[in-house]
Amino acid sequence: MTKDRSLSAVMSRKLEIMKSSVGIDYDIFESGRIAFDYERMMKETGYSLQEIEEIQKETTVGNTPLYELRNITKLARKYAKPGKGARIFLKDEASNPSGSFKARRAATAVYHAQKLGYKGVIAATSGNYGAAVASQAAMRGLKCIIVQECYDSKGKGQPEIIEKARACEAYGAEVVQLSVGPELFYSFLLLLEETGFFNASLYTPFGIAGVETLGYEISMQFREKEGRDPDAVVVTNAGGGNLTGTARGLIKAGALDTTVIGASVSLSGLHMASDEQFNKKSFTTGHTGFGIPFATWPDRSDVPRSAARPLRYMDRYLTVNQGSVFYMTELLAQVEGLERGPAGNTALAVAFVLSQEMDEDQIVVVQETEYTGAGKHINPQLTFAKENGIKILKGNPANEVPGENIILPEDPGMLCVEELDIEKTKKSYIRNSIKNSEVETVNREDLDFLVADTKSNESFVRDALEELGVKVETEE
Amino acid sequence: MVAKKGDWVRIHKIILNVGERSPNIPEDTQSVPLEMWDKGFLINETASIGDQVDVETYIGRKVTGELIEINPFWDHDYGKAVPELLYIGRQARELLEEGEKHD
């Protein structure tokens, strides 16, 4: 019998399709309430750090170089108070096969798919992850399908996304391109069902564990080079996996005093599922349109429980405007001799400002770069912005209005960041947890889970629950 | 233009019509269909642009859709001149030449 292919029928088969396409029975980690056993999930379905290192070594992923950005540091110090201006370092993840840190995530997912005997892998992504999965699948002889949200209803596509489609095809993948809309997930489910391929989701334990080596390497490289761990690591944040994996790797290395800072491009005011606004943005990832929804509700992803839980590890969350990231991309090429893709430089723009508030003997690390090429480069991205009616201005980046203009800082001293109220973000997460689990009261296990999942403490969670009018069950 | 069996082609297909789309999306998106583009080797003996055709994708799936392009190619590039960016390098180099100053 042919299965019903309507939107509602396919969505109702979601859990069943997920289970057979990721090979994880998420139910065994559930409490049936808010809490689930995150660490057990990571342990039982993931791999140890040593195993991941071995897996990644097989396809030469990881062990990327670390650059000290001496000239950018000098520029930051020109605008810092005396004694301020931390040294800025950059982990050049573009030197991974496929050109981004996503190779780490893909390496473990594709290895796992092969081990379980899947004939192919599918990933829903418009980003670097597609090329990473396609490249790893090519190395391991698996078939690969990448599903992309690519064009608006006029058939116009972001040059950055088109370049990624090209890269996926270069690695022998089939690229299914879709117009704007979250029903991409529906097409994705249908493809999983039709092919029986592995769901190389960005949010499985193996994917996240793949990023742990990045945090671990940072710590090891700094201990060797500087005799100590860095003071802060800035991570470009979208779905939360980069931040989660990096932070877990730092913890596994024992770098417990290193602050983990999330950085996103501010796209406030633009709706991510809007056909008309799709091409008004000039960044397709690393922006608040993913960063905030995924932080405040990580389980919105394409697996029942996301292994990417950024609020569990994030100390601060800073946003920066689009113009500042384009500016830093140009600066990185001009004064450091490193031409890299714009999206990877979100954390760099934030680190430049952060350095100025830190002491000059401190160290701040930008933990990724991405490859650059046709489409995925400041020139085509700004050309595309102009064609879509966006004005490119020079001035105060704080005045940028996403969808209307892009403001390049007039000089390096004009770069600024906005600090998101992380307590408020944590409270939104708690509110979503209550809403989505449909509980009326919270028990001890839920309480402990919420404390861990928000990197907070019991009184913070109790206060948040009280504001929501949710009672904590009294203990026997 | 006519495509022959085995030619590399691009197809287009409507996945969800207006009215079938998710109710939880912005109105502008609901008022347009969900479209799909894919590529493959033509299975039909011959076909013209606009015909409904079957293709075998690069990994070997069979997909049906409207033929829209024969020998499709990528034409994304490095964009046009963006003179707005040109101050950045010169200004930064000047600032670096001045040397470090904390005043």
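Criteria and thresholds
Residues numbered from 1 in each chain as written. Chains lettered and ligands numbered in written order. Predicted model: local features only at pLDDT ≥ 70, side-chain atom pairs only at ≥ 80, totals over all residues. Contact = placed C-beta atoms within 7 Å. Helix = DSSP H or I, 4+ residues; strand = E, 2+ residues; numbered from the N terminus. Pairing = 2+ DSSP bridges. Core = buried A, V, L, I, M, F, W, Y, C linked by C-beta atoms within 7 Å. Buried ≥ 20, exposed ≤ 12 C-beta atoms within 10 Å, placed from the backbone. Axes fitted to C-alpha atoms, helices over the stretch in contact; angles between N-to-C directions. Parallel < 35°, antiparallel > 145°, perpendicular 65-115°, else oblique. Nonpolar A, V, L, I, M, F, W, Y, C, P; charged D, E, K, R; others polar. Domains from an automatic or database assignment.

> Could you give me a rundown of the interface of chain B and chain A, with the residues and numbers involved?
Contacts between chain B and chain A engage 38 residues on the former and 50 residues on the latter. Those elements that provide at least two residues to the side of chain B that touches chain A are strand 2 (8–16), helix 1 (27–30), strand 3 (34–42) and helix 2 (87–98) of chain B. Here the side of chain B that touches chain A takes seven residues from helix 2 of chain B, the largest share from any one element. Pairing of strand 5 (residues 174–179) of chain A with strand 3 of chain B, which is carried by two bridges, proceeds in the antiparallel orientation.

> Tell me what's going on with the nonpolar core, and back it up with residues and numbers.
Counting residues in hydrophobic clusters, the biggest one holds 154 residues, and the most contacted among them are Val110, Val121, Val133, Val234 and Val350 of chain A. Apart from residues lying up to four places away in sequence, Val350 of chain A is in contact with Val234, Ile261, Ala263, Leu318, Val320 and Val417 of chain A. Residues Ala3, Val9, Ile11 and Val55 of chain B belong to the second largest nonpolar core, which totals eight residues.

> Go over the packing of helix 5 (residues 70–78) of chain A against helix 2 of chain B, please, and point to the residues and values.
Their axes nearest at 10 Å, the elements helix 5 of chain A and helix 2 of chain B cross at an angle of 75°. Between helix 5 of chain A and helix 2 of chain B, the crossing angle belongs to the class labelled roughly perpendicular. Of helix 2 of chain B, the residues touching helix 5 of chain A (which contributes Asn71, Lys74, Leu75 and Lys78 of chain A) are Ala92, Leu95 and Leu96 of chain B. Across the contact of helix 5 of chain A with helix 2 of chain B, the residue classes break down as four nonpolar, one polar and two charged.

> Any details on unusual backbone geometry? Residues and values, ideally.
For Ser98 of chain A, which is not glycine, the phi dihedral falls at a positive 75°. Residue placement: Ser98 of chain A occurs in the loop between strand 2 (87–91) and helix 6 (102–115).

> Pulling in residues and values, what's your account of the domain arrangement of chain A?
Residues and elements named next belong to chain A. For chain A, the domain assignment lists domain 1 (56–98 + 206–419) and domain 2 (424–472). Using C-alpha coordinates to define each centre, domain 1 is positioned 29 Å away from domain 2. Listed by partner, the interface residues are nine residues for domain 1 and nine residues for domain 2. Residues of the side of domain 1 that touches domain 2, tallied by class, amount to six nonpolar, one polar and two charged.

> Any details on the environment of Leu192 of chain A? Residues and values, ideally.
Residue and element names in this part refer to chain A. Among the secondary structure elements, Leu192 is positioned in helix 9 (residues 184–195). The sequence separation of Leu192 and Val260 amounts to 68 residues, and the corresponding C-alpha distance is 35 Å. Residues within four places of Leu192 in sequence aside, it is in contact with Ile17, Ser21, Ile122, Phe197 and Asn199.

> Describe in detail the sheet that holds strand 9 (residues 316–320) of chain A, supporting the description with residues and values.
Residue and element names in this part refer to chain A. Taken in spatial order, the seven strands line up as 1-2-10-7-8-9-13 in an open sheet, and their pairing is mixed. Each edge of the sheet is formed by a strand with only one pairing partner; in this case those strands are strand 1 (66–68) and strand 13 (418–419). Pairing between strand 1 and strand 2: three bridges, direction antiparallel. Counterpart to Leu66 in the pairing with strand 2 is Lys91. Along the sheet, helix 11 (residues 241–253) makes contact with strand 7 (232–236) and strand 8 (259–265), crossing strand 7 at roughly 155°.

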